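Residue strings, one per chain:
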Amino acid sequence: MVPQFMFLFSLILSFLLHCPPTLAQSPAAAPGPPGPTNVTKILEKGGQFSVFIRLFKATREDVTLNGQLNNTNNAITIFAPSDNAFSSLKSGTLNSLNDQEKAELVQFHIIPQYLSSSQFQTVSNPLTTQAGSGGRLELNVTTTGNSVNITTGLTNTSVSGTIYTDNQLAVYQVDKVLLPVDIFTPKPPTPAPAPEKPKKRSKAAESPDAPEDNSGAVSLTVLNDVVFFGVGIVAAIFSL
Ligand SMILES: *[C@@H]1O[C@H](CO)[C@@H](O)[C@H](O)[C@H]1NC(C)=O
Ligand SMILES: *[C@@H]1O[C@H](CO)[C@@H](O)[C@H](O)[C@H]1NC(C)=O
Ligand SMILES: *[C@@H]1O[C@H](CO)[C@@H](O)[C@H](O)[C@H]1NC(C)=O
Ligand SMILES: *[C@@H]1O[C@H](CO)[C@@H](O)[C@H](O)[C@H]1NC(C)=O
Ligand SMILES: *[C@@H]1O[C@H](CO)[C@@H](O)[C@H](O)[C@H]1NC(C)=O
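Given the structure is predicted, the values throughout are model-derived calculations rather than measurements.

K.L.:
I tried to follow the nonpolar core on my own but got confused; where do I start?
P.N.:
The nonpolar side chains of soluble globular proteins are, as a tendency, buried together. Judged by nonpolar contacts, the single largest core of 27 residues is most densely connected at V39, L43, F52, F56, I78, F86 and L169. Those elements that provide at least two residues to this core are α3 (39-46), α4 (50-58), α5 (61-69), β1 (76-81), α6 (83-87), α7 (99-108) and β6 (169-174). Among the elements that take part in this core, α4 stands out by supplying 5 residues, more than any other. With residues near it in sequence (within four places) discarded, F52 still touches L43, I78, F79, A80, P81, F86, V106 and H109. Counting 18 residues, the second-largest nonpolar core is a separate cluster that includes F79, F108, A170 and V174.

K.L.:
Just to check I follow, could you spell out the environment of T155 for this structure?
P.N.:
With respect to the helices, strands and loops of the structure, T155 is situated in the loop between β4 (147-151) and β5 (156-165). We classify T155 as buried; its relative accessible area is 4%. Setting aside residues no more than four positions away along its own chain, T155 makes contact with I150, K176, V177, L178 and L179.

K.L.:
What's the story with the packing of aromatic side chains in this structure? I'm lost.
P.N.:
For any pair of aromatic rings, geometry is given as the distance between the ring centres together with the angle between the planes. Counting across every chain of the model gives 4 aromatic pairs. Ring geometry for F52 against F56: centres 5.3 Å apart, planes inclined by 35 degrees, an arrangement best described as tilted. Of this pair, F52 and F56 both sit in helix α4, 4 residues apart, which is roughly one turn of the helix. Considered together, F52 and F56 belong to a single accessibility category, that of buried residues. Between the aromatic rings of F79 and F120, the centroid separation amounts to 6.1 Å while the plane-to-plane angle is 25 degrees, which identifies the pairing as stacked. Within this pair, whereas F79 is found in strand β1, its partner F120 is found in the loop between β2 (110-111) and β3 (140-144), the two being separated by 41 residues in sequence. Aromatic rings pair up to connect F79, F120 and Y172 into one cluster.

K.L.:
Mind showing me how you'd approach the environment of L89 here?
P.N.:
Mapped onto the secondary structure, L89 falls in the loop between α6 and α7. In the structure, L89 is positioned 87 residues away from K176 in sequence and 8.2 Å away in space, judged by C-alpha atoms. The contacts of L89, once residues within four sequence positions are left out, are V177 and L179.

K.L.:
Any chance you could explain α4 here in plain terms?
P.N.:
Since the α-helix packs 3.6 residues into each turn, any two residues three or four apart lie on the same face. Restricting attention to buried positions, one finds in α4 the residues V51, F52, I53, L55 and F56. Residues of α4 that are buried make contact with α3, α5, β1, α6, α7 and β2.

K.L.:
What's the story with the site of ligand 1 in this structure? I'm lost.
P.N.:
Every residue lining ligand 1 is accounted for by N38, K41 and E44. Here E44 contributes a side-chain N or O atom positioned 3.1 Å from an oxygen atom of ligand 1. Protein chains shield 39% of the accessible area of ligand 1, which is 370 Å² for the free molecule.

Reading the values: the criteria
- Residues numbered from 1 in each chain as written.
- Chains lettered and ligands numbered in written order.
- Predicted model: local features only at pLDDT ≥ 70, side-chain atom pairs only at ≥ 80, totals over all residues.
- Heavy atoms only, no water.
- Core = buried A, V, L, I, M, F, W, Y, C linked by side-chain atoms within 4.5 Å.
- Buried < 20%, exposed > 50% of the residue type's maximum accessible area, 1.4 Å probe, protein only.
- Helix = DSSP H or I, 4+ residues; strand = E, 2+ residues; numbered from the N terminus.
- Contact = heavy atoms within 4.5 Å.
- Phe/Tyr/Trp six-rings, centres within 6.5 Å; stacked < 30°, edge-to-face > 60°.
- Near = heavy atom within 4 Å.
- Polar contact = N/O pair within 3.5 Å; in protein donor to acceptor, adjacent residues only side chain to side chain.
- Areas by Shrake-Rupley, 256 points an atom, 1.4 Å probe, with all protein chains shown as cover.

Following this line, the structure appears as structure tokens:
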């Protein structure tokens, strides 16, 4: 058995040694991407993403993304809004955003995982985007028949085409800009509970230099007092 194996091995080896040019060249001749993936180039080829590309560059997300894609461990899915998507926004929408909101808007269209069209069927909602996750940054994808529907709570749309896909990056066209609740609905006010205020103010009066972020500790103290007070009442009732 072993001699047979050795014979086979040396046969293969001598074959490889005698025919190196053709064997060595065939992988090199295979078509492959020259250099790392360039998202801007892919979007330019798509032909109808000039506004998204402009935002992409202005927010430096292109540099971030190309850097991430240069590491093959990272995978990305992009929902790229077409120029039509941007022109159907209420006029002045983009201009009303500050730089941070523009970045958040772009990041909201980027999912840090590779989703092939079949994976949309089993994806777990809500998706995390590059803008983050949570109640005000919700993005859900559902499928019905051949349609891949996306909802943010403010925007309902469907994937309208595949621009690019390999096993690391997928770029899909959407014909509406995905509007995150976080940017396009007013932030709810966060009023402090009424009992905290006098105590906080008196503490600040004692030491004007004390940083504002003491409020957490103060409210905890208040809470403890209330709890102890409550326990006291219960104890008093039971002792009667
Ligand atoms: C990516 O492509 C764009 C447009 O083709 C080009 O301007 C840019 O220099 C490229 N970036 C890199 C890192 O190659
Ligand atoms: C891609 O990564 C390699 C290896 O880490 C690095 O040498 C190269 O400069 C990177 N290229 C870009 C365009 O970031
Ligand atoms: C998904 O989108 C299609 C086409 O836009 C629409 O007809 C369908 O009602 C949507 N389904 C859901 C569950 O929203
Ligand atoms: C997204 O999906 C989650 C989980 O199914 C659900 O709780 C949430 O209400 C959905 N949000 C929107 C905006 O559809
Ligand atoms: C999005 O679709 C859901 C369910 O199909 C509907 O309840 C909701 O009103 C729609 N929202 C918008 C902004 O169209």
